[in-house]
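A look at the structure
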Amino acid sequence: MADRPNVLLLIFDTLRADAIARDDREFSVETPAMDHIAEQGTAFENAFSVGPWTPPAHGAMFSGRYPSETGFDGGWPTMPDSVPLLAEWFADHGYRTFGIPGPAKMGSETGLARGFDEYYEVYQEIAERPSAEYVWQLLTDPLIRDDFLRLFRSGNDYYTEIKFNKLREWLADPIEPFFAMANLTTVHAPYDPPRPYKQESTPELTRPKVPILEEFVESACSFDHPEVDEQQLFAAADGANSQSIAMRYFEDQSTLSEAELEVLRTWYGASLRYLDDRLGAFLDWFERRGLLEDTIVVLTSDHGELFGEHDAMYHNNFLYDEVTHVPLVFTGPRSPGGRESRRPRISYRPVRDPL
């Protein structure tokens, strides 16, 4: 075992703790890759985020301090330069550092990129589709070309695989030790996993034969169910207007029927199944490269999601357990295997010497 183990932090944006709990799952989805990591390491059953959405959760994870202490709060916060961050600690101790943020609310403009040698902001790096700049990227960047072929064949996976491939590309360099972080928004709205995941989970869904048409034709899909208003269903699944939908549902429960809510849960679960499959493929590669033995792998989430519980939808505005209770698993060197910790509620707190 290396004196200074590598650290790989994978943040599954919007993943509820009960979505991957091995007993009494809320979502009937098998997650063998995540389960395997939990069985090999320590799963913390009572981990809670400090907030219900991206900025406070990531600010706390990266600083080990509450937003009330750092001032990292509000809609578009900026982390003060005086607050030391996790990647800075690793860099100061001789680690190579690499980060892949998810939403822009944890992008470099927020100050959370401090300490990372490279911060691959996919939504800035990849040009808008369609555009001349995007066509040029297709011709010159193999990662973007592979992502486009995946989009053409199977539909959008919201940069899940391109992020894993970017990790593979960066980790191909054998220089160690390293600290790598990636936020994956696979289960975040829109709840729209690629084929065949979404289609298999809801046979009532009709999709165009050419998946890429869904990116450009608004009415490309239909949903045949007597208790489902397909226009309302697709709007809720898209999440583009999530705040108003959440508020309308909170005020009037009839806005979304139970049948529509069940479809949303099913598509969320299908997104999770796709994420777990891609995670499994990545971890297989990671182990073949001989990296797993000397790497602490951390799986967690920034917050969860509501699907009608407490007469509410999505996250951001609510502090219920479905939103703040998150998965947290450690495995690797110095992490006892096959263990579940049921300590009283824990949240992200300062660590003087994490290794």
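Right above here is the structure, for reference.
Conventions and cut-offs
- Residues numbered from 1 in each chain as written.
- Predicted model: local features only at pLDDT ≥ 70, side-chain atom pairs only at ≥ 80, totals over all residues.
- Heavy atoms only, no water.
- Helix = DSSP H or I, 4+ residues; strand = E, 2+ residues; numbered from the N terminus.
- Buried < 20%, exposed > 50% of the residue type's maximum accessible area, 1.4 Å probe, protein only.
- Polar contact = N/O pair within 3.5 Å; in protein donor to acceptor, adjacent residues only side chain to side chain.
- Axes fitted to C-alpha atoms, helices over the stretch in contact; angles between N-to-C directions.
- Parallel < 35°, antiparallel > 145°, perpendicular 65-115°, else oblique.
- Contact = heavy atoms within 4.5 Å.
- Nonpolar A, V, L, I, M, F, W, Y, C, P; charged D, E, K, R; others polar.
- Expected span 1.5 Å × (residues − 1).
- Arc of directions from axis to C-beta.
- Salt bridge = Lys/Arg side-chain N within 4 Å of Asp/Glu carboxyl O.
- 1 Å grid on protein atoms, 1.4 Å probe; cavity = no way out; pocket = protein on both sides within 12 Å on 5 of 7 lines; lining within 4 Å.
- Points joined across faces, edges and corners; volume = space filled by probe spheres on them.
- Pairing = 2+ DSSP bridges.

With respect to the environment of arginine 265
Here arginine 265 shows up in helix α12 (residues 258-288). With relative accessibility at 15%, the residue arginine 265 sits in the buried group. A polar atom in the side chain of arginine 265 sits 3.0 Å from the backbone oxygen of phenylalanine 307.

Considering the packing of helix α6 (residues 132-140) against helix α7 (residues 142-154)
Packed helices, taken two at a time, are described by the angle between their axes plus the distance between the axes. Following both chains from N to C, one finds α6 and α7 inclined at 105 degrees, their axes separated by 6 Å at the closest point. Classified by the interaxial angle, the pair formed by α6 and α7 is roughly perpendicular. For the pair α6 and α7, contact is made by Tyr134, Gln137, Leu138, Leu139 and Thr140 and by Pro142, Ile144, Arg145 and Phe148, respectively. Classifying every residue of the contact of α6 with α7 gives 6 nonpolar, 2 polar and 1 charged.

Section: α12
Taking 1.5 Å of rise per residue, 31 residues should cover 45 Å, and α12 covers 45 Å from first to last C-alpha, within 8% of that figure. At the exit of α12 stands glycine 290, carrying a positive phi of roughly 80 degrees.

Observations regarding α6
Where α6 is concerned, the buried positions are Tyr134, Gln137 and Leu138. An end-on view of α6 places all buried positions within 105 degrees of arc, on one side of the element. Of the exposed residues in α6, those oriented more than 90 degrees away from the buried face are Ala132, Glu133, Trp136 and Leu139. Where α6 is buried, its residues touch α5 (122-125) and α7.

Side note on unusual backbone geometry
Most peptide bonds take the trans form, and the phi angle of most residues other than glycine is negative. Proline 130 follows arginine 129 through a cis peptide bond whose omega is -10 degrees. One can find proline 130 in the loop between α5 and α6. Positive phi, close to 60 degrees, is recorded for histidine 310, a residue that is not glycine. If you trace the backbone, histidine 310 turns up in the loop between β10 (306-307) and β11 (313-314). Of note in the backbone geometry, tyrosine 314 takes a positive phi value of approximately 65 degrees without being a glycine. Within the fold, tyrosine 314 resides in strand β11.

So, the pattern of salt bridges
Side chains that differ in charge, positive against negative, can pair when their charged atoms come close. Here the structure, examined in full by the defined rule, presents 16 salt bridges. Here arginine 114 ties to aspartate 81 by a salt bridge, and the two come within 3.7 Å at their closest N and O atoms. Linking arginine 114 in the loop between β4 (96-100) and β5 (118-119) with aspartate 81 in the loop between α3 (67-70) and α4 (86-92), this pair joins segments that are 33 residues apart in sequence. By relative accessible area, arginine 114 is classed as buried at 19%. Taken together, the shared-partner salt bridges in this structure form one network comprising Asp192, Arg195, Lys198, Arg207 and Glu214.

Things to note about empty space enclosed by the protein
Summed over the entire model, instances satisfying the criterion amount to 1 cavity of 30 Å³ or more. Approximately 30 Å³ is the volume found for the largest cavity. Lining the largest cavity, in full, are Asn156, Asp157, Tyr158, Thr160, Thr186, Asp192, Pro193, Pro194, Ser271 and Tyr274.

Let's talk about the layout of surface pockets
Here the second largest pocket defines a volume of roughly 630 Å³. Residue lining of the second largest pocket: 19 residues in total, with Glu214, Val217, Glu218, Phe234 and Asp238 positioned closest to the centre. With 6 residues, helix α10 (residues 230-238) is the largest single contributor of residues to the lining of the second largest pocket.

Examining the pairing of strand β1 (residues 6-12)
Across the 7 residues of β1, 7 count as buried, placing the element largely inside the fold. Side chains Asn6, Leu8, Leu10 and Phe12 of β1 all project onto a buried face; the interleaved residues Val7, Leu9 and Ile11 project onto the opposite face, where all are buried too. Summarising the sheet, β1 and strand β9 (residues 295-300) pair through 6 bridges and their orientation is parallel. Bridging across to β9, leucine 8 finds its partner in valine 297. Strand direction decides the pairing type here: β1 and strand β6 (residues 178-184), joined by 6 bridges, are parallel.

Some thoughts on the pairing of strand β12 (residues 328-331)
Where strand β2 (residues 42-44) lies against β12, 2 bridges are found, and the strand directions are antiparallel. By the bridge assignment, threonine 42 is partnered in β12 with phenylalanine 330. With 4 bridges connecting them, β9 and β12 associate as antiparallel partners. Paired with valine 297 across the bridge in β12 is threonine 331.

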